[in-house]
Amino acid sequence: MSTPTLIQQVTLVNEGQSQVTDVLIVGERIHQIGSIPAQDGFRVIDGRGKFLLPGVIDGQVHFREPGLTHKADLHSESKAAVAGGVTSFIDMPNTRPNTLNLELLAEKYQIASQKSLANYGFLLGINGKNLDEVMQWDTSGLLAITDDGLYFSGKGNILADRPDMLERIFSRYKGVIAIHSEKEEIVEKNEEIYREQYGEDVPVKFHPLIRSEQACYEATERAIGLAEKHGARLHILHLSTAKETALFRNDIPLSEKKITTEVSVHHLWFTDLDYEKKGTLIKWNPAIKTQKDADGLLEALLDDRIDLITTDHAPHTLEEKLKPYFQSMSGAPLVQHSLVCLLEFFHQGKISLEKITEKMCHNPAILYRIKERGFVREGYFADLVLVDLNQPWTVGKENILYKCGWSPLEGTTFHSQVTHTWVNGNLVFEEGTFHENAKGKALEVWDLKN
Ligand SMILES: NC(=O)N[C@@H](CC(=O)O)C(=O)O
C-alpha cells in the first residue's frame, strides 16, 4: 500500500461548506477528515492557503478512441483532464466505429484500463438499427455507467427525423436517456438560406442563427413532452439558450428529478461577439449564442434549473477546424481548463466555490449514480483536487496537453491553478509533473434503491 498522505490545514470545499481541516488518504480511499496529527511515515502536504475539492466528474467528453486517434486518445486527454482537476469522465459514443453494441463498449473499457489516468465511464449509442437489441440487453453490473445512459447526436438526429423511434425508446427504456437537442430539419433549412447567400464560406458569426435558438428550443420541448408522457428519465446535454432554461424545474431535489440538464463551459464563457476574433475555433454544436444566453444559463445554473457543468470536450486538429464554414468541424478541447474557467467566474463574483463543487463534482455523481465518488467523505475514493486561487498563469502552446495541441483559450490568463490531483488515492499530478504508474478505474454505479 502507498504511503498515507496527510493534507494539512486546507480549506475543504464540500457539500455546501468551506472549512479549514486536515484530510488523510490511506490507500485508495479517504480515511479521515478532521484534526489529524502527522505520524511517522505519513507524507504531509501543506494545504495552508489552498482549497481542496472533490475531483471534477466531467459528464460529457469526446476522447476519440478508438478510431479518431489523430485528434485525441484516452491517454493524452485523460492526462489533460487530471492536470485540470478532472478525476472522472463520461465519454460519448461517437467514436469510430460508433459504440453501438456491448463488444465495442467492452473494448473501450479495455483500452481505458491500459491508458487512462482518470476514472472512466462510456455511454452506449443508439440509432435506428440497434434499438430493439439495446432494449433486450442486461447491461447491469460490470458495464457501470452504460446501463444508465443512451445518447443521440449529430446529423440525422432522430429527434428530428424519427419521432416514432423516440416514442418507442421513451416508453421502454428506464435508464438515463441523454440527448443532444437540436432539430436538424430547422438547422438544414437555415443552412440552405445562408449557403444561397454566401456559398461554402458562410461567416461563422451566423452559426448561432443557423443552429438557432428555435432549433434548440423545439427539440428540447419535444423531448421533455415525450419524457413526461412516458415517465422516462431524460437528460438534455449542453443547453445553449436562455429560453430553454424555462423548461426545467428547480423545486425538487436532483435525486428525484426525472428531467435534468447541463451547461457546458464554453456556453458560459464565450458569446457571439467572440466569433470575430476566434472564428471557427469556437464553432460548436449547439452554437455559442448571445451574452443574454450566457447570462441566462448562469442564472439557471445558480437557481438549480441547470444541474451540472460539463465540457463537451470535443477536440479536432487545427487543420480540421480552420476550414470554410461548412467543412469546419464543430467542437473544441476544454477538459484541461474547465475548473479554472469556473474559478475565474468565482474571482469575478459570479459563483461561489460551493456551487462550483456542487455542479462539477457532486451532481454528476448523483445524476449518473456514480458510486463512492464526487464527495469528500470518509470511506469514499480519494479523488481530490488541490487548487491555488492566487497563482496566475496564461494558456499557451507550451502548457496545452491536448493531443490536438491547441485551445480556444490560448492567451487567456487565469488567476487559479490546479496544483495537485489525486485519483483513487494516487497523486497523479503534482505541480506540473505526472506520476503515470497508476491508472484510473471504471466508474461503478449505485443500485437504484440507493
Ligand atoms: N459538440 C460538438 O460540436 N461536437 C461533437 C459532437 C456533437 O456533440 O455534436 C464532436 O464530437 O465533435
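Residues numbered from 1 in each chain as written. Predicted model: local features only at pLDDT ≥ 70, side-chain atom pairs only at ≥ 80, totals over all residues. Heavy atoms only, no water.

## Overview of the overall build of the chain
Along its length, the chain carries 15 helices and 20 strands. The C-alpha radius of gyration computed for the chain amounts to 21 Å, which stays within 12% of the reference 22 Å derived for 450 residues, consistent with globular compactness. Projected onto the principal axes, the alpha-carbon positions of the chain cover approximately 70 × 50 × 40 Å. For the chain, contacts bridging at least 24 residues in sequence account for 75% of all contacts bridging at least 6. Surface accessibility of the chain: about 17,200 Å² in total, with carbon and sulfur atoms responsible for 49%. Each charge class in the chain was averaged separately, 48 positive and 63 negative side chains, and the resulting centres sit 2 Å apart. (Helix = DSSP H or I, 4+ residues; strand = E, 2+ residues; numbered from the N terminus. Rg over C-alpha atoms; globule rule 2.2 N^0.38 Å. Contact = heavy atoms within 4.5 Å. Areas by Shrake-Rupley, 256 points an atom, 1.4 Å probe, with all protein chains shown as cover. Lys, Arg positive; Asp, Glu negative; His and termini not counted. Charge placed at Lys NZ, Arg CZ, Asp CG, Glu CD.)

## Examining the site of the ligand
Near the ligand, the surroundings consist of 14 residues, among which R64, N94, N285, D312 and H316 are the closest. Interatomic distance of 2.8 Å between a side-chain N/O atom of N94 and an oxygen atom of the ligand. Interatomic distance of 3.3 Å between a side-chain N/O atom of H180 and an oxygen atom of the ligand. Notes on the ligand: free accessible area 310 Å², of which the protein chains cover 92%. Along the lines of polarity and charge, the residues of the shell around the ligand split into three nonpolar, nine polar and two charged. (Near = heavy atom within 4 Å. Polar contact = N/O pair within 3.5 Å; in protein donor to acceptor, adjacent residues only side chain to side chain. Nonpolar A, V, L, I, M, F, W, Y, C, P; charged D, E, K, R; others polar.)

## Focus: the sheet that holds strand 6 (residues 56-61)
As summarised here, the arrangement of the three strands in space is 6-7-8, forming an open sheet in which the pairing is parallel. Two strands close off the open sheet at either side, each with one partner strand: strand 6 and strand 8 (119-122). On average, adjacent strands in this sheet sit at an angle of 20 degrees to one another, irrespective of strand direction. Of the strand pairs in this sheet, strand 6 and strand 7 (residues 86-91) are connected by four bridges, and their pairing is parallel. Within strand 7, the residue paired with V56 across the bridge is V86. Its contacts with the sheet put helix 2 (residues 102-115) on strand 7 and strand 8, and the angle it makes with strand 8 is roughly 170 degrees. (Pairing = 2+ DSSP bridges. Axes fitted to C-alpha atoms, helices over the stretch in contact; angles between N-to-C directions.)

## Description of the nonpolar core
Counting residues in hydrophobic clusters, the biggest one holds 98 residues, and the most contacted among them are F170, L234, L339, L342 and V387. For this core, the element with the most residues is helix 14 (residues 338-347), which contributes six residues. Viewed by domain, this core spans two of them, domain 1 (5-52 + 379-393 + 406-434) and domain 2 (56-367), each represented by three or more residues. Counting 16 residues, the second largest nonpolar core, distinct from the first, contains M92, L123, L308 and F375. (Core = buried A, V, L, I, M, F, W, Y, C linked by side-chain atoms within 4.5 Å. Buried < 20%, exposed > 50% of the residue type's maximum accessible area, 1.4 Å probe, protein only. Domains from an automatic or database assignment.)

## A few points about the state of the cysteines
Covalently bonding the sulfur atom of one cysteine to the sulfur atom of another cysteine gives a disulfide. Under the counting rule described, the total for this entry stands at zero disulfides. No disulfide involves C341; its sulfur sits 15 Å from that of C361, the nearest cysteine. Exposure remark for C361: the relative accessible area of 1% places this residue in the buried category. (Disulfide = S-S within 2.5 Å.)

## Focus on the pattern of salt bridges
Using the criterion set out here, one finds 25 salt bridges in the structure. Note that K229 is salt-bridged to E167, the shortest N-O span being 2.6 Å. Taken together, the residues K229 in helix 8 (residues 213-230) and E167 in helix 5 (residues 163-172) connect sequence positions 62 residues apart. The shortest N-O distance in the salt bridge between R211 and E182 comes to 2.8 Å. One end of the pair, R211, is in the loop between helix 7 (207-210) and helix 8; the other, E182, is in the loop between strand 11 (176-179) and helix 6 (184-198), and 29 residues separate them in sequence. Given a relative accessible area of 7%, R211 falls into the buried group. Judged by its relative accessible area of 0%, E182 is buried. The network of salt bridges with common partners includes D304, K355, E358 and K359. (Salt bridge = Lys/Arg side-chain N within 4 Å of Asp/Glu carboxyl O.)

## Some points on the packing of aromatic side chains
Any pair of aromatic rings gets described here by the distance separating the centres and the angle formed by the planes. Applying the stated criterion to the full structure yields 13 aromatic pairs. Ring geometry for Y198 and F206: centres 5.4 Å apart, planes at 35 degrees, overall tilted. On the basis of relative accessibility, which here comes to 15%, the residue F206 falls in the buried class. Seen from their ring centres, F429 and F434 are 5.2 Å apart, and the 55 degrees between their planes marks the pair as tilted. Here F429 matches F434 in class, with each residue buried. (Phe/Tyr/Trp six-rings, centres within 6.5 Å; stacked < 30°, edge-to-face > 60°.)

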